[in-house]
Amino acid sequence: RQSYANITLKRGMTNSVELWDWLNRLATKSAKRDEKKDISVVLRDGKGDEILRWNLTKAYPVKWTSPTMQTDQSSIMVETLELAFQEVTMQRR
């Protein structure tokens, strides 16, 4: 049986609340503890065209780190998400 190490993703803040909604459901009593998702992580080139895609099966968050808000700096706010998953496949475009 294969096993995989957790994957850590980092991204700049966006106005999408889809990730926040999923994390919030898992943190509340209304969530099913086994609410896992099939997720794709996509690498794109400078034009926005897809180069590679990793498909994670039955992924779920194990750690989320919010961005540090520093008013004295003009840096990009980055959030970090660590995911555990059951299986991974890769596709080239």
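Our structure is the block above this text.
These numbers were taken from a predicted model, which means no experiment stands behind them.

Rules used in this analysis
Residues numbered from 1 in each chain as written. Predicted model: local features only at pLDDT ≥ 70, side-chain atom pairs only at ≥ 80, totals over all residues. Heavy atoms only, no water. Helix = DSSP H or I, 4+ residues; strand = E, 2+ residues; numbered from the N terminus. Buried < 20%, exposed > 50% of the residue type's maximum accessible area, 1.4 Å probe, protein only. Contact = heavy atoms within 4.5 Å. Polar contact = N/O pair within 3.5 Å; in protein donor to acceptor, adjacent residues only side chain to side chain. Core = buried A, V, L, I, M, F, W, Y, C linked by side-chain atoms within 4.5 Å.

Draft legend 1. Representation of unusual backbone geometry in the model. Positive phi outside glycine occurs at Lys58, with the angle close to 55°. In this fold, Lys58 is placed in strand S3 (residues 50-65). With relative accessibility at 41%, the residue Lys58 sits in the partly exposed group.

Draft legend 2. Expanded view of the side chain of Thr80. Relative to the assigned elements, Thr80 resides in strand S4 (residues 78-84). What Thr80 contacts, discounting residues up to four positions off in sequence, is Thr8, Leu9, Lys10, Lys63, Trp64 and Thr65.

Draft legend 3. Looking closely at the side chain of Glu79. Tracing the chain through its elements places Glu79 in strand S4. In this structure the side chain of Glu79 is engaged in a polar contact, spanning 2.9 Å, whose partner is the side chain of Trp64.

Draft legend 4. Examining the nonpolar core more closely. Leu19, Trp22, Leu23, Leu26, Val41, Leu56, Ala59, Leu81, Leu83 and Phe85 form the largest nonpolar core, which has 10 residues in total. Secondary-structure elements contributing two or more residues to this core are helix H1 (18-27), S3 and S4. In terms of residues, this core owes the most to one element, H1, which gives 4 residues. Other than its neighbours up to four places away in sequence, Leu83 contacts Asn6, Ile7, Leu9, Trp22, Ile39, Leu56, Tyr60, Pro61 and Val62.

The quantities given are spatial measurements derived from coordinates; they are silent on function.
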